[in-house]
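Below are the chains, spelled out letter by letter.
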Amino acid sequence: MTITRDPVAPSQRQRADGATLAVVFAVIVMLVPARLIIKGLPFALTPAEAVGLLAAVWWFCAHLTNTLGAAKGRTPVRTAIYVYGVSLLLTYAYSSAGFLPSRELELADHAVVTSAAMVAIALLACDGVRGRDRIDVVFKALVVAGAIMGLIGAVQYLLNFDLTRFMEFPGTEAQVVGDAILQRNGVNRAASTASHPIEFGVVSVMVLPLALHYAFHARQDGKPALRWWLCCALIAAGMVFSASRSPILGLTVAGAVLLVGWPMARRIRAVVALAGFLVVVKLAVPGLLGAITGLFTNLSSDTSLAYRTNDYDTAFAEIRRHLLLGRGVGTWYAPQHVVFDNQYLLTAVEAGLLGVATFAGLFLTGIWSSLRAMWRAADPSTRDLGLSMTACLVIPLVGSATFDLRAFGIVNGVAFLLVGMAGALLRSQTKEISPPVAPAVAATTPPGGRAG
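Not measured: the values here are computed from a predicted model.

Colleague: Help me understand the overall build of the chain, please; the structure alone is not making it clear to me.
Modeller: Of regular secondary structure, the chain possesses 15 helices and four strands. Taking all 452 residues of the chain together, 51% fall into the buried category. By sequence separation, contacts in the chain at least 24 residues apart represent 78% of the contacts at least 6 residues apart.

What follows is the structure, given as structure tokens:
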């Protein structure tokens, strides 16, 4: 006798929703090499940015109907996203109304499109990811994608072999041709799928607190935890193999947040685990820790640091010309202009003081929302997730002072996704009034009548 299982009722299946699209974005933005753009378009658009534009369509349609499950109530994160988007539009109107060379006007047009894609991703996450279970789906996708990035980076560093050369996708082409493996102080610097080792390292640090959250709570819930600890190890390895200062700074500020909020027993385990990880790196990869330490001990003779600080006079002179709204987002570009390696300076030049305030306000609002969700949560897992999200969002807030975040597509995309997810987490802990999803209309025609 053959035993068959009853199919899952349609009402019990998980419908594709905002979280589904957020997962698609997370996988594409982290695992599709950053150098790839879509073929055949009049301007450069990455696959992740294309998903962001699709998210804009979804979000707009979701707020015209009650059947797509988007949240309708107010939230601080959505307000911050609105304010940021309006500030970009004001800057675009101001800069395009004045005289701009044709090249800079094209760059401003391009920046509006790509910025709209990132704003849409944040709105999609904030309004479209409903409930703690769907939040976990998105975050677990980020963690697994971060672990795969770490694995690719480990192969680049240890074997001097770039897997991303073989990661070509139909309909895409390389925007730039460059090495994914650089060198500094005699050691390799892996970039994985990112455009630069700095970006790879910062992305790794940004998802590491989430990986630790799922590793610790899998063990506490009696679920398999080894897979999550393996993800933690690969992500941490990616951070180290980037051999950059910015990830270490990010780890410092994120670690401070976590150590303040964690219970004492977990603090001790974390410190022991960190010490063990450093010992393994020291034994397995001689010279790497010394090279990273040298980035901080030789600051007085570091040419890259001197190059960054020497640009301040140029930045301040340009800021004074367009104090409030800036000269136009995307119009300060290399090699025509010097590179600041400081997103706050670059934003002040391109979007003025209003742009700086709204840009920083995004992350500050995300941090506040994560903390508020943590304080409101009744279960320990959600409280710990709020703390982990706070640690994640502190990294781009502080790190934007050491590198130009918006110039790196992966970091920028993950940062905006995390801001939106902070709003989603706060929604999950707040009683909100939102219209129920309308039941599906039967496709059959009732007897003796016509289908309405």
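Colleague: So what exactly am I meant to see when it comes to unusual backbone geometry here?
Modeller: When glycine is set aside, most residues are seen to have a negative phi, and most peptide bonds are trans. Even without being glycine, Ser192 reaches a positive phi, approximately 55 degrees. The topology assignment puts Ser192 in the loop between strand S4 (187–190) and helix H6 (197–220). Since its relative accessible area comes to 1%, Ser192 is described here as buried. Positive phi, close to 55 degrees, is recorded for Asp341, a residue that is not glycine. Relative to the assigned elements, Asp341 resides in the loop between helix H12 (312–321) and helix H13 (343–376).

Colleague: Where do I start with H6 in this structure?
Modeller: Along an α-helix, residues three or four positions apart point the same way, because every turn accommodates 3.6 residues. Here H6 is 24 residues long and its end C-alpha atoms lie 35 Å apart, about the 34 Å a rise of 1.5 Å per residue gives. Approximately 30 degrees is the largest bend angle found in H6, and it occurs at Leu208, with the proline Pro209 only one to four residues beyond. Counted residue by residue, H6 has 22 buried out of 24 residues, so it is predominantly covered. Gly222, located one to two residues past H6, shows a positive phi value of around 75 degrees.

Colleague: Help me out: how do you make sense of the environment of Val155 in this one?
Modeller: Mapped onto the elements, Val155 comes out in helix H5 (residues 132–159). Among residues more than four places away in sequence, those in contact with Val155 are Asn160, Phe161 and Leu163.

Colleague: Explanation requested: the packing of H5 against H6 in the structure shown.
Modeller: Pairs of packed helices are described in terms of their axes, by the angle between the two and the distance that separates them. Their axes nearest at 9 Å, the elements H5 and H6 cross at an angle of 130 degrees. Taken together, the axes of H5 and H6 are oblique relative to one another. Along this stretch, H5 crosses H6, giving a crossing that reads as left-handed. The segment H5 lies against H6, with Arg132, Ile135, Asp136, Phe139, Lys140, Leu142, Val143, Gly146, Met149, Gly150 and Gly153 engaging Phe200, Val203, Val207, Leu210, Ala211, His213 and Tyr214. Broken down by class, the residue content of the contact of H5 with H6 amounts to eleven nonpolar, four polar and three charged.

Colleague: Sorry if this is basic, but what is going on with the nonpolar core here?
Modeller: One finds Met30, Phe139, Leu288 and Leu417 to be the most contacted residues of the largest nonpolar core, which totals 117 residues. With 15 residues, H6 is the single largest residue contributor to this core. Contact partners of Leu288, with chain neighbours within four places excluded, come to Tyr157, Val187, Val240, Phe241, Ala243 and Val281.

Colleague: Help me understand the packing of helix H3 (residues 76–97) against helix H4 (residues 102–128), please; the structure alone is not making it clear to me.
Modeller: Following both chains from N to C, one finds H3 and H4 inclined at 170 degrees, their axes separated by 10 Å at the closest point. Between H3 and H4, the crossing angle belongs to the class labelled roughly antiparallel. Of H4, the residues touching H3 (which contributes Val77, Arg78, Ile81, Tyr82, Tyr84, Leu88, Tyr92 and Ser96) are Leu105, Ala108, Asp109, Val112, Ser115, Val119, Ala122, Leu123, Cys126 and Asp127.

Colleague: How should I be thinking about the packing of aromatic side chains in this particular structure?
Modeller: Aromatic ring pairs are reported here in terms of the distance separating the ring centres and the angle at which the planes meet. Across all of its chains, the model carries twelve aromatic pairs by this definition. When the centroid spacing of 5.7 Å and the interplanar angle of 50 degrees are considered together, the rings of Tyr84 and Phe416 count as tilted. In this pair, Tyr84 is assigned in helix H3 and Phe416 in helix H15 (residues 409–428), connecting sequence segments 332 residues apart. An identical accessibility class is assigned to Tyr84 and Phe416; each is buried. Measuring from ring centre to ring centre gives 5.8 Å for Phe161 and Phe166, while their planes differ by 25 degrees; the resulting arrangement is stacked. Residue classification places Phe161 among the partly exposed residues on the basis of a relative accessible area of 31%. By way of ring pairs, the aromatic residues Phe216, Trp229 and Trp262 are connected into one cluster. The aromatic ring of Tyr333 is capped on one face by Arg103, whose charged end is 5.7 Å from the ring centroid. Cation over ring: Arg266 sits above Phe216, and NZ or CZ is 4.3 Å from the ring centre.

Colleague: Whenever I open this one, H12 confuses me. Can you help?
Modeller: Residues of H12 that are buried: Ala315, Glu318 and Ile319. End-on view of H12: buried residues confined to an arc of 105 degrees, all on one side of the axis. Exposed side chains of H12 directed beyond 90 degrees from the buried face belong to Asp313, Arg320 and Arg321. Packing partners of the buried residues in H12 comprise H13.

Colleague: Could you clarify how one ought to interpret the state of the cysteines in this entry?
Modeller: Cysteine pairs can be covalently joined through their sulfur atoms, and such a bond is termed a disulfide. Taken as a whole and assessed by the stated rule, the structure comprises zero disulfides. With no disulfide of its own, Cys232 has Cys231 as its nearest cysteine by sulfur position, at a separation of 7.1 Å. On the basis of relative accessible area, Cys232 is assigned to the buried category, the value being 6%.

Colleague: Which parts of the structure should I look at to understand the pattern of salt bridges?
Modeller: Side chains that differ in sign of charge can pair as their charged atoms come close. Taken as a whole, this structure holds ten salt bridges when the rule is applied. We note a salt bridge from Arg35 to Glu168, for which the minimum N-O separation is 3.2 Å. Within this pair, whereas Arg35 is found in the loop between helix H1 (18–31) and strand S1 (36–38), its partner Glu168 is found in the loop between H5 and strand S2 (172–174), the two being separated by 133 residues in sequence. A relative accessible area of 43% means that Glu168 is categorised as partly exposed. Residues Glu106 and Arg103 are paired through a salt bridge, measuring 4.0 Å at the closest nitrogen-oxygen approach. One end of the pair, Glu106, and the other, Arg103, are both in helix H4, three residues apart, so they sit about a helical turn from each other. With a relative accessible area of 48%, Glu106 lands in the partly exposed category. For Arg103, a relative accessible area of 44% corresponds to the partly exposed category.

Cut-off values and rules
- Residues numbered from 1 in each chain as written.
- Predicted model: local features only at pLDDT ≥ 70, side-chain atom pairs only at ≥ 80, totals over all residues.
- Heavy atoms only, no water.
- Helix = DSSP H or I, 4+ residues; strand = E, 2+ residues; numbered from the N terminus.
- Buried < 20%, exposed > 50% of the residue type's maximum accessible area, 1.4 Å probe, protein only.
- Contact = heavy atoms within 4.5 Å.
- Expected span 1.5 Å × (residues − 1).
- Bend = angle between axes of the 7 residues up to and from the residue.
- Axes fitted to C-alpha atoms, helices over the stretch in contact; angles between N-to-C directions.
- Parallel < 35°, antiparallel > 145°, perpendicular 65-115°, else oblique.
- Left-handed = near helix turned anticlockwise from the far one by under 90°.
- Nonpolar A, V, L, I, M, F, W, Y, C, P; charged D, E, K, R; others polar.
- Core = buried A, V, L, I, M, F, W, Y, C linked by side-chain atoms within 4.5 Å.
- Phe/Tyr/Trp six-rings, centres within 6.5 Å; stacked < 30°, edge-to-face > 60°.
- Lys NZ or Arg CZ within 6 Å of the ring centre and 35° of its normal.
- Arc of directions from axis to C-beta.
- Disulfide = S-S within 2.5 Å.
- Salt bridge = Lys/Arg side-chain N within 4 Å of Asp/Glu carboxyl O.

So yeah, pure geometry; function would need other evidence.
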